[in-house]
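The chain contents come next:
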Amino acid sequence: MSDVELLQFLRSPYNEKARWALAHHGVAHRRRSVLPGPHMLLMPFWTGQAQTPVLRRGKELVIGSGAIVRALDVGAADPLVPRDPALAAEVDALEARFDAGLTPRMRVTVLHALLAEPSAWVAVFAEEESPASQSFYRAMLGVVGRGVRAKYGLRPDAAADGRLAVREALELVATRSRETGYLVGDHFTLADLTAASSLAMIFGAAHPDMTMPPRPAALQSLVDELSAHPGRRWLDTVYERHRRGPAL
Ligand SMILES: N[C@@H](CCC(=O)N[C@@H](CS)C(=O)NCC(=O)O)C(=O)O
(Lines give C-alpha, C1' and ligand atoms only; values in the text may rest on other atoms or scores of the structure.)
Protein backbone atom coordinates (compact mmCIF):
# COMPACT_ATOMS: atom_id res chain seq x y z
CA MET A 1 0.00 0.00 0.00
CA SER A 2 1.25 3.52 -0.85
CA ASP A 3 2.69 5.57 2.02
CA VAL A 4 1.44 8.73 0.33
CA GLU A 5 -1.90 9.92 1.67
CA LEU A 6 -4.01 12.97 0.91
CA LEU A 7 -6.16 14.29 3.75
CA GLN A 8 -8.98 16.06 1.98
CA PHE A 9 -12.47 17.51 1.80
CA LEU A 10 -14.50 16.19 -1.11
CA ARG A 11 -15.10 18.67 -3.94
CA SER A 12 -13.29 21.66 -2.38
CA PRO A 13 -11.25 23.74 -4.89
CA TYR A 14 -8.00 23.73 -2.88
CA ASN A 15 -8.29 19.97 -2.44
CA GLU A 16 -8.99 19.57 -6.14
CA LYS A 17 -5.72 21.44 -6.85
CA ALA A 18 -3.84 18.83 -4.81
CA ARG A 19 -5.72 15.87 -6.37
CA TRP A 20 -5.07 17.24 -9.85
CA ALA A 21 -1.34 17.70 -9.18
CA LEU A 22 -1.11 14.12 -7.86
CA ALA A 23 -2.87 12.87 -10.99
CA HIS A 24 -0.73 15.05 -13.28
CA HIS A 25 2.45 13.48 -11.91
CA GLY A 26 0.94 10.00 -11.68
CA VAL A 27 1.62 9.72 -7.94
CA ALA A 28 0.07 6.61 -6.40
CA HIS A 29 -1.66 7.58 -3.16
CA ARG A 30 -4.66 6.94 -0.98
CA ARG A 31 -7.10 9.50 0.30
CA ARG A 32 -8.73 10.12 3.62
CA SER A 33 -11.77 12.38 3.41
CA VAL A 34 -12.77 14.44 6.42
CA LEU A 35 -16.08 16.19 6.95
CA PRO A 36 -16.25 19.96 7.46
CA GLY A 37 -17.00 20.35 11.18
CA PRO A 38 -15.46 17.15 12.59
CA HIS A 39 -12.27 18.17 10.74
CA MET A 40 -11.70 20.79 13.45
CA LEU A 41 -10.88 18.01 15.90
CA LEU A 42 -9.29 15.52 13.52
CA MET A 43 -6.97 17.71 11.41
CA PRO A 44 -5.16 19.34 14.38
CA PHE A 45 -4.75 15.88 15.92
CA TRP A 46 -3.27 14.45 12.71
CA THR A 47 -1.42 17.48 11.31
CA GLY A 48 -1.12 20.21 13.97
CA GLN A 49 -3.44 22.58 12.08
CA ALA A 50 -7.05 22.58 10.87
CA GLN A 51 -7.04 23.05 7.10
CA THR A 52 -7.19 20.63 4.19
CA PRO A 53 -5.50 19.60 1.93
CA VAL A 54 -2.54 17.97 3.62
CA LEU A 55 -0.27 15.46 1.90
CA ARG A 56 1.40 12.88 4.08
CA ARG A 57 4.50 11.25 2.57
CA GLY A 58 5.83 8.81 5.14
CA LYS A 59 6.62 11.06 8.10
CA GLU A 60 6.60 14.30 6.06
CA LEU A 61 3.52 16.55 6.10
CA VAL A 62 2.99 19.00 3.26
CA ILE A 63 0.30 21.50 4.23
CA GLY A 64 -1.72 23.56 1.72
CA SER A 65 -2.41 23.21 -1.99
CA GLY A 66 0.40 25.48 -3.23
CA ALA A 67 3.02 23.72 -1.11
CA ILE A 68 1.75 20.31 -2.26
CA VAL A 69 1.93 21.29 -5.94
CA ARG A 70 5.48 22.63 -5.53
CA ALA A 71 6.63 19.62 -3.51
CA LEU A 72 5.36 17.28 -6.26
CA ASP A 73 7.04 19.43 -8.94
CA VAL A 74 10.52 18.83 -7.51
CA GLY A 75 12.46 16.77 -10.05
CA ALA A 76 9.32 16.18 -12.15
CA ALA A 77 9.57 15.71 -15.92
CA ASP A 78 6.54 17.93 -16.53
CA PRO A 79 6.44 20.56 -13.75
CA LEU A 80 3.28 22.58 -13.22
CA VAL A 81 5.24 25.74 -12.36
CA PRO A 82 7.31 26.65 -15.44
CA ARG A 83 11.10 26.67 -15.02
CA ASP A 84 11.29 30.01 -16.86
CA PRO A 85 11.30 32.67 -14.07
CA ALA A 86 9.16 35.20 -15.95
CA LEU A 87 6.46 32.60 -16.71
CA ALA A 88 6.71 31.27 -13.14
CA ALA A 89 6.08 34.78 -11.78
CA GLU A 90 2.95 35.10 -13.95
CA VAL A 91 1.73 31.70 -12.75
CA ASP A 92 2.33 32.66 -9.11
CA ALA A 93 0.39 35.90 -9.57
CA LEU A 94 -2.60 34.16 -11.15
CA GLU A 95 -2.56 31.42 -8.52
CA ALA A 96 -2.62 34.11 -5.81
CA ARG A 97 -5.43 35.99 -7.56
CA PHE A 98 -7.60 32.88 -7.35
CA ASP A 99 -6.44 31.40 -4.04
CA ALA A 100 -6.48 34.59 -2.03
CA GLY A 101 -9.22 36.50 -3.87
CA LEU A 102 -11.65 34.95 -6.30
CA THR A 103 -11.90 31.46 -4.79
CA PRO A 104 -12.72 32.55 -1.22
CA ARG A 105 -15.35 34.97 -2.59
CA MET A 106 -16.93 32.27 -4.76
CA ARG A 107 -16.76 29.75 -1.91
CA VAL A 108 -18.99 32.00 0.20
CA THR A 109 -21.72 31.78 -2.45
CA VAL A 110 -21.48 28.00 -2.61
CA LEU A 111 -21.42 27.43 1.16
CA HIS A 112 -24.24 29.92 1.72
CA ALA A 113 -26.47 28.11 -0.80
CA LEU A 114 -25.54 24.63 0.45
CA LEU A 115 -26.19 25.42 4.11
CA ALA A 116 -29.70 26.53 3.21
CA GLU A 117 -30.32 22.97 1.92
CA PRO A 118 -28.85 20.43 4.37
CA SER A 119 -29.37 17.49 2.00
CA ALA A 120 -27.29 19.30 -0.66
CA TRP A 121 -24.50 19.99 1.87
CA VAL A 122 -24.44 16.31 2.88
CA ALA A 123 -24.46 15.18 -0.77
CA VAL A 124 -21.46 17.41 -1.59
CA PHE A 125 -19.24 16.74 1.42
CA ALA A 126 -20.39 13.40 2.88
CA GLU A 127 -21.15 11.37 -0.24
CA GLU A 128 -18.66 8.63 0.76
CA GLU A 129 -20.15 8.14 4.23
CA SER A 130 -22.51 5.32 5.21
CA PRO A 131 -26.24 6.20 5.38
CA ALA A 132 -26.06 6.12 9.22
CA SER A 133 -23.10 8.47 9.30
CA GLN A 134 -24.79 10.78 6.78
CA SER A 135 -27.90 10.96 8.98
CA PHE A 136 -25.79 11.72 12.04
CA TYR A 137 -23.86 14.41 10.16
CA ARG A 138 -27.07 15.94 8.90
CA ALA A 139 -28.36 16.11 12.46
CA MET A 140 -25.17 17.96 13.45
CA LEU A 141 -25.46 20.53 10.65
CA GLY A 142 -27.06 23.15 12.88
CA VAL A 143 -23.87 23.30 14.95
CA VAL A 144 -21.51 22.85 11.99
CA GLY A 145 -23.39 25.54 10.05
CA ARG A 146 -23.07 28.10 12.86
CA GLY A 147 -19.30 27.59 12.84
CA VAL A 148 -19.05 27.77 9.05
CA ARG A 149 -21.23 30.91 8.85
CA ALA A 150 -19.05 32.70 11.39
CA LYS A 151 -15.74 31.53 9.93
CA TYR A 152 -16.46 32.46 6.31
CA GLY A 153 -18.78 35.45 6.91
CA LEU A 154 -21.71 33.83 5.10
CA ARG A 155 -24.20 36.65 4.67
CA PRO A 156 -26.51 37.43 1.74
CA ASP A 157 -24.37 40.44 0.65
CA ALA A 158 -21.22 38.31 0.66
CA ALA A 159 -23.02 35.59 -1.31
CA ALA A 160 -24.03 38.23 -3.88
CA ASP A 161 -20.42 39.40 -4.09
CA GLY A 162 -19.38 35.79 -4.75
CA ARG A 163 -21.68 35.72 -7.78
CA LEU A 164 -19.81 38.74 -9.12
CA ALA A 165 -16.54 36.89 -8.46
CA VAL A 166 -17.77 33.99 -10.60
CA ARG A 167 -18.33 36.39 -13.50
CA GLU A 168 -14.93 38.02 -12.93
CA ALA A 169 -13.24 34.63 -12.92
CA LEU A 170 -14.95 33.56 -16.16
CA GLU A 171 -14.01 36.86 -17.84
CA LEU A 172 -10.42 36.48 -16.68
CA VAL A 173 -9.97 32.96 -18.04
CA ALA A 174 -11.81 33.75 -21.28
CA THR A 175 -9.62 36.80 -21.91
CA ARG A 176 -6.30 35.27 -20.88
CA SER A 177 -6.82 32.04 -22.82
CA ARG A 178 -7.99 33.67 -26.06
CA GLU A 179 -4.67 33.38 -27.89
CA THR A 180 -3.20 30.06 -26.81
CA GLY A 181 -5.97 28.29 -24.91
CA TYR A 182 -3.87 28.65 -21.73
CA LEU A 183 -3.64 31.35 -19.08
CA VAL A 184 0.15 31.68 -19.10
CA GLY A 185 2.30 30.97 -22.17
CA ASP A 186 1.23 28.19 -24.49
CA HIS A 187 1.25 25.23 -22.11
CA PHE A 188 -0.88 23.88 -19.31
CA THR A 189 0.44 25.23 -15.98
CA LEU A 190 -0.53 25.64 -12.35
CA ALA A 191 -2.39 28.81 -13.38
CA ASP A 192 -4.84 26.75 -15.48
CA LEU A 193 -5.06 24.04 -12.84
CA THR A 194 -5.85 26.57 -10.10
CA ALA A 195 -8.45 28.54 -12.06
CA ALA A 196 -10.16 25.38 -13.33
CA SER A 197 -10.25 23.74 -9.86
CA SER A 198 -11.84 26.90 -8.52
CA LEU A 199 -14.47 27.26 -11.25
CA ALA A 200 -15.30 23.54 -11.01
CA MET A 201 -16.61 24.21 -7.49
CA ILE A 202 -19.39 26.26 -9.17
CA PHE A 203 -19.94 24.53 -12.51
CA GLY A 204 -18.78 21.00 -11.76
CA ALA A 205 -16.51 19.21 -14.22
CA ALA A 206 -16.28 16.00 -16.18
CA HIS A 207 -14.08 14.20 -13.68
CA PRO A 208 -15.54 12.00 -10.92
CA ASP A 209 -13.75 14.09 -8.25
CA MET A 210 -15.64 17.23 -9.28
CA THR A 211 -19.00 16.08 -10.62
CA MET A 212 -21.67 17.82 -8.57
CA PRO A 213 -24.87 16.43 -7.09
CA PRO A 214 -28.07 18.41 -7.84
CA ARG A 215 -27.50 22.04 -6.81
CA PRO A 216 -29.66 24.30 -4.67
CA ALA A 217 -31.81 26.56 -6.91
CA ALA A 218 -29.73 29.67 -6.09
CA LEU A 219 -26.62 28.02 -7.50
CA GLN A 220 -28.32 26.31 -10.42
CA SER A 221 -29.70 29.65 -11.67
CA LEU A 222 -26.17 31.12 -11.67
CA VAL A 223 -24.83 28.11 -13.57
CA ASP A 224 -27.68 28.35 -16.10
CA GLU A 225 -27.19 32.10 -16.63
CA LEU A 226 -23.53 31.58 -17.47
CA SER A 227 -23.81 28.38 -19.48
CA ALA A 228 -22.86 30.04 -22.79
CA HIS A 229 -19.95 32.08 -21.43
CA PRO A 230 -16.63 31.42 -23.25
CA GLY A 231 -15.00 30.89 -19.84
CA ARG A 232 -17.28 27.85 -19.39
CA ARG A 233 -15.99 26.32 -22.62
CA TRP A 234 -12.43 26.95 -21.44
CA LEU A 235 -13.19 25.12 -18.17
CA ASP A 236 -14.64 22.09 -19.96
CA THR A 237 -11.73 21.96 -22.42
CA VAL A 238 -9.05 22.15 -19.71
CA TYR A 239 -10.68 19.33 -17.76
CA GLU A 240 -11.10 17.23 -20.89
CA ARG A 241 -7.49 17.67 -22.01
CA HIS A 242 -5.57 17.77 -18.74
CA ARG A 243 -7.43 16.24 -15.81
CA ARG A 244 -5.98 12.76 -15.71
CA GLY A 245 -6.35 9.98 -13.23
CA PRO A 246 -9.26 7.99 -11.87
CA ALA A 247 -11.16 8.99 -8.75
CA LEU A 248 -9.87 7.04 -5.74
N1 LIG B 1 -4.38 28.31 1.36
C2 LIG B 1 -4.93 27.01 1.62
C3 LIG B 1 -6.43 27.14 1.79
C4 LIG B 1 -7.07 25.83 2.16
C5 LIG B 1 -8.51 25.96 2.60
O6 LIG B 1 -9.11 27.05 2.64
N7 LIG B 1 -9.08 24.81 2.94
C8 LIG B 1 -10.43 24.75 3.40
C9 LIG B 1 -11.23 23.80 2.53
S10 LIG B 1 -11.73 24.59 1.05
C11 LIG B 1 -10.46 24.18 4.80
O12 LIG B 1 -9.80 23.20 5.08
N13 LIG B 1 -11.27 24.80 5.66
C14 LIG B 1 -11.45 24.36 7.00
C15 LIG B 1 -10.81 25.26 8.02
O16 LIG B 1 -10.19 26.28 7.65
O17 LIG B 1 -10.94 24.95 9.21
C18 LIG B 1 -4.58 26.07 0.47
O19 LIG B 1 -4.25 26.56 -0.63
O20 LIG B 1 -4.59 24.85 0.64
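It should be noted that the structure appears before, not after, this text.
Please read all numbers here as calculations on a predicted model, not as lab measurements.

**Here we look at the pattern of salt bridges**
A side chain of one charge can pair with a side chain of the opposite charge if their charged atoms are brought near each other.
No. 1: Summed over all chains, the structure comprises 20 salt bridges.
No. 2: Linking Glu 5 and Arg 30 is a salt bridge whose minimum nitrogen-to-oxygen distance equals 3.2 Å. In this pair, Glu 5 is assigned in strand E1 (residues 4-8) and Arg 30 in strand E2 (residues 30-33), connecting sequence segments 25 residues apart.
No. 3: For Glu 5, a relative accessible area of 4% translates into the label buried.
No. 4: As a salt-bridge pair, Glu 16 and Arg 243 come within 2.8 Å of each other at their nearest N and O atoms. Taken together, the positions of Glu 16 in helix H1 (residues 13-24) and Arg 243 in the segment after helix H10 (230-242) put the pair 227 residues apart, joining distant regions of the chain.
No. 5: Given the relative accessible area of 0%, Glu 16 is considered buried.
No. 6: One network of salt bridges, with partners in common, ties together Glu 16, Arg 19, Arg 31, Asp 209 and Arg 243.

**Looking at the sheet that holds strand E4 (residues 60-63)**
No. 1: One open sheet accounts for four strands, arranged E2-E1-E3-E4; its pairing is mixed. For this open sheet the edge positions go to E2 and E4, each flanked by a neighbour on one side alone. Looking at each pair of strands side by side, their axes are set apart by 20 degrees on average, direction ignored.
No. 2: Two elements, E1 and strand E3 (residues 54-57), share four bridges in a ladder whose sense is antiparallel.

**Focus on the site of the ligand**
No. 1: If you check the shell around the ligand, you find 13 residues, and the closest are His 39, Thr 52, Ser 65, Arg 107 and Tyr 152.
No. 2: With respect to the ligand, the side chain of His 39 contributes an N or O atom lying 2.7 Å from an oxygen atom.
No. 3: A distance of 2.6 Å separates an oxygen atom of the ligand from a polar atom in the side chain of Ser 65.
No. 4: Burial of the ligand by the protein chains amounts to 86% of its free accessible area of 510 Å².
No. 5: Here the shell around the ligand spans two domains, since at least three of its residues come from each of domain 1 (4-73) and domain 2 (85-242).

Conventions adopted
Residues numbered from 1 in each chain as written. Predicted model: local features only at pLDDT ≥ 70, side-chain atom pairs only at ≥ 80, totals over all residues. Heavy atoms only, no water. Salt bridge = Lys/Arg side-chain N within 4 Å of Asp/Glu carboxyl O. Helix = DSSP H or I, 4+ residues; strand = E, 2+ residues; numbered from the N terminus. Buried < 20%, exposed > 50% of the residue type's maximum accessible area, 1.4 Å probe, protein only. Pairing = 2+ DSSP bridges. Axes fitted to C-alpha atoms, helices over the stretch in contact; angles between N-to-C directions. Near = heavy atom within 4 Å. Polar contact = N/O pair within 3.5 Å; in protein donor to acceptor, adjacent residues only side chain to side chain. Areas by Shrake-Rupley, 256 points an atom, 1.4 Å probe, with all protein chains shown as cover. Domains from an automatic or database assignment.

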